[in-house]
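One-letter residues, chain by chain:
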Amino acid sequence: MKIPLIPSSEITPKQAYLSRRDFMKAAGVVAGSVALVACAVPAGKTPPSATKIDSQAPSAEDVLNSFDEITNYNNYYEFTTDKQGVASLSKDFVTSPWDVEISGMVNNPGKFSVDDLTKKYPLEERIYRLRCVEAWSMVIPWLGFPLAKLLNDVEPTSSAKYVRFETIYKPDDMPGQKQSTYPWPYQEGLRIDEAMNDLTLLATGLYGGELPAQSGGGIRLVVPWKYGFKSIKAIVKIELTDQQPATMWSTIAPNEYGFYANVNPFVDHPRWSQASERRIGEFNRRDTIMFNGYSDQVSYLYDGMDLKKNY
Ligand code: MTE
């Protein structure tokens, strides 16, 4: 399974590239992409030891969204349901230091700091499409490492079939969690083979720098072939289990949001079509692509499954 490698500079429009350069400058980053990540780490934090820039562009037709677009139009219900209000409400949210606990059906459970994880697993730049179930999309240059690396080290037992993820519960710092409309904490889940797929990323950074609070810092999941709600933010718990985990959205509205939530233009949401999407920053709608364009990498996971039933 080989993913086409296209350097981000080749798919970045001039405008977005310039704003990226501005961001890098603001973060104190000089030229040279390999140096970027280490330099972008603010003083007082240990930079990641090894940094491999490994841009994986979805296609030459995709252009990066700007840092401003990515960090000012967010779904993060722990803060607010207003996409443009998340950035300001989360500006004082502390994302470092950050720990993740791994428990359940593993031989090596434990608590791991994001600082240690990013020292152990070289950060890769992965440029992925993000397709929200609400039918908007972006192209985002994440920094992170494959979840599979961490899972291999904690050694799931042979009984483990699923991975469950949980977001931090901190109602004093996350005003949305004071409202009982949603069953906090936010939870998500993947089948273990989905979790082990090389595309599945634990992201700790964005645009060559650290991961802003509104984007899911300290650490978030990115599963680019699934609707964005699977890409859970601010993860503090990862549990290996033999039961399909409950997820927040499928608990609230099981007829609208399934466990799998694969991007699928042929299965509409009960209240709207999923055949097309609005790319943030573009005027015309685009056709939505099966598995968000990642079929070559992931369709084998669903061989023989009825994707209309397993939505
Ligand atoms: N994770 C948590 N904890 N809370 C959320 O509200 N929203 C999800 C997902 N992860 C959400 C979350 C949804 S619906 C989407 S589309 C993506 O985050 C949006 O990610 P972005 O804001 O970085 O674009």
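Remember, predicted model here, so these are calculated numbers, not experimental data. (Residues numbered from 1 in each chain as written. Predicted model: local features only at pLDDT ≥ 70, side-chain atom pairs only at ≥ 80, totals over all residues. Heavy atoms only, no water.)

S.K.: Whenever I open this one, the overall build of the chain confuses me. Can you help?
M.R.: Along the chain, the regular secondary structure elements total 10 helices and 12 strands. Taking all 311 residues of the chain together, 55% fall into the buried category. For the chain, the proportion of contacts with a sequence separation of at least 24, taken over those separated by at least 6, is 72%. In the form shown here, the chain has an accessible surface area of approximately 13600 Å², with 52% of it arising from carbon and sulfur atoms. (Helix = DSSP H or I, 4+ residues; strand = E, 2+ residues; numbered from the N terminus. Buried < 20%, exposed > 50% of the residue type's maximum accessible area, 1.4 Å probe, protein only. Contact = heavy atoms within 4.5 Å. Areas by Shrake-Rupley, 256 points an atom, 1.4 Å probe, with all protein chains shown as cover.)

S.K.: Just checking my understanding: could you explain helix α7 (residues 147-154) for this structure?
M.R.: Because each turn of an α-helix spans 3.6 residues, side chains separated by three or four positions end up pointing in the same direction. Those residues of α7 lying buried are L147, A148, L150, L151 and V154. Buried positions in α7, seen along its axis, are confined to an arc of 160 degrees and lie on one side of it. Phi turns positive one or two residues past the end of α7, at E155, with a value near 55 degrees. (Arc of directions from axis to C-beta.)

S.K.: What is the right way to look at the pairing of strand β2 (residues 110-113) in this model?
M.R.: Each regular strand shows side chains that alternate between the opposite faces of the sheet. Two strands pair when backbone bridges link them, and strand β1 (residues 99-104) and β2 are joined in this way by 4 bridges, in the antiparallel orientation. Counted as the bridge partner of E101 is K111 from β2. Hairpin connection of β1 to β2: 5 residues between the antiparallel strands. (Pairing = 2+ DSSP bridges.)

S.K.: Help me out: how do you make sense of the layout of surface pockets in this one?
M.R.: Where empty space is left becomes clear once a probe the size of a water molecule has been rolled over the atoms. By volume, the largest pocket is sized at about 480 Å³. Residue lining of the largest pocket: 27 residues in total, with N75, Y76, G228, F229 and K233 positioned closest to the centre. It is strand β4 (residues 136-146) that contributes the most residues to the lining of the largest pocket, 4 residues altogether. Broken down by class, the residue content of the lining of the largest pocket amounts to 17 nonpolar, 6 polar and 4 charged. (1 Å grid on protein atoms, 1.4 Å probe; cavity = no way out; pocket = protein on both sides within 12 Å on 5 of 7 lines; lining within 4 Å. Points joined across faces, edges and corners; volume = space filled by probe spheres on them. Nonpolar A, V, L, I, M, F, W, Y, C, P; charged D, E, K, R; others polar.)

S.K.: Explain the pairing of strand β5 (residues 162-167) to me, please; I cannot follow it from the model alone.
M.R.: Along β5, 6 of the 6 residues are buried, which leaves the element largely enclosed by surrounding structure. Side chains Y162, R164 and E166 project from β5 onto one buried face, and the interleaved V163, F165 and T167 project onto a second face that is buried too. Pairing of β5 with strand β6 (residues 187-191) involves 5 bridges; the strand directions are antiparallel. Bridge pairing links F165 to E188 in β6. Note: β5 against strand β10 (residues 235-241), 6 bridges, orientation antiparallel. Counterpart to R164 in the pairing with β10 is E239.

S.K.: What's the story with the sheet that holds β6 in this structure? I'm lost.
M.R.: With respect to topology, 5 strands assemble into an open sheet ordered β2-β1-β10-β5-β6, the strand pairing being mixed. Whereas interior strands pair on both sides, the edge strands pair on one side only; in this sheet they are β2 and β6. Geometrically, the sheet is characterised by an average inter-axis angle of 20 degrees between neighbouring strands, direction not taken into account. (Axes fitted to C-alpha atoms, helices over the stretch in contact; angles between N-to-C directions.)

S.K.: Mind showing me how you'd approach the environment of G216 here?
M.R.: Relative to the elements of secondary structure, G216 occurs in the loop between β8 (209-210) and β9 (220-222). A residue is classified by how much of its surface remains accessible, and G216, at 0% relative accessible area, is buried. Through-space distance from the C-alpha of G216 to that of T167 is 9.3 Å; in sequence the pair is 49 residues apart. Beyond its immediate sequence surroundings of up to four residues, G216 is in contact with Y76, L211, K233 and A234.

S.K.: Even after reading the chapter, I still don't get the site of the ligand, so can you show me in this structure?
M.R.: In the vicinity of the ligand there are 16 residues, among which Y77, E78, R220, S231 and K233 approach most closely. Taking Y77, its main chain carries an N or O atom lying 2.8 Å from an oxygen atom of the ligand. Contact distances for the ligand include 3.0 Å between a nitrogen atom and a side-chain N or O atom of T167. Expressed as a share of its isolated accessible area of 530 Å², the protein-covered part of the ligand is 98%. Among the detected pockets, the ligand sits in the largest pocket. When grouped by side-chain class, the residues that make up the shell around the ligand number 8 nonpolar, 5 polar and 3 charged. (Near = heavy atom within 4 Å. Polar contact = N/O pair within 3.5 Å; in protein donor to acceptor, adjacent residues only side chain to side chain. Sits in = over half its atoms within 2 Å of the grid points.)

S.K.: Please explain the pattern of salt bridges as it appears in this structure.
M.R.: Any two side chains of opposite charge can pair, so long as their charged atoms come close to each other. Here the structure, examined in full by the defined rule, presents 23 salt bridges. Of the charged contacts in the structure, one is a salt bridge between R191 and D193, with a shortest N-O distance of 2.8 Å. Among the residues examined, R191 registers a relative accessible area of 13% and is labelled buried. Of the charged contacts in the structure, one is a salt bridge between R279 and E277, with a shortest N-O distance of 3.7 Å. (Salt bridge = Lys/Arg side-chain N within 4 Å of Asp/Glu carboxyl O.)

S.K.: What is the right way to look at the packing of aromatic side chains in this model?
M.R.: Two descriptors summarise a pair of aromatic rings, namely the distance from one centre to the other and the angle between the planes of the rings. Summed over all chains, the structure comprises 17 aromatic pairs. With 5.0 Å between their ring centres and 35 degrees between their planes, Y121 and F145 make a pair best called tilted. Residue Y121 is located in the loop between α6 (114-120) and β3 (124-131), and its partner F145 is located in strand β4; the two are separated by 24 residues in the primary sequence. Neither Y121 nor F145 differs from the other in exposure class; each is buried. With a centroid separation of 5.4 Å and an interplanar angle of 20 degrees, the aromatic rings of F291 and Y302 are classed as stacked. Of this pair, F291 sits in the loop between β12 (286-287) and α10 (295-298) while Y302 sits in the segment after α10; the two residues are 11 residues apart in sequence, bridging distant segments of the chain. Judged by relative accessible area, which is 4%, F291 ranks as buried. Looking at R129, its charged tip hangs above the ring of Y294, at a distance of 5.7 Å from the centre. (Phe/Tyr/Trp six-rings, centres within 6.5 Å; stacked < 30°, edge-to-face > 60°. Lys NZ or Arg CZ within 6 Å of the ring centre and 35° of its normal.)

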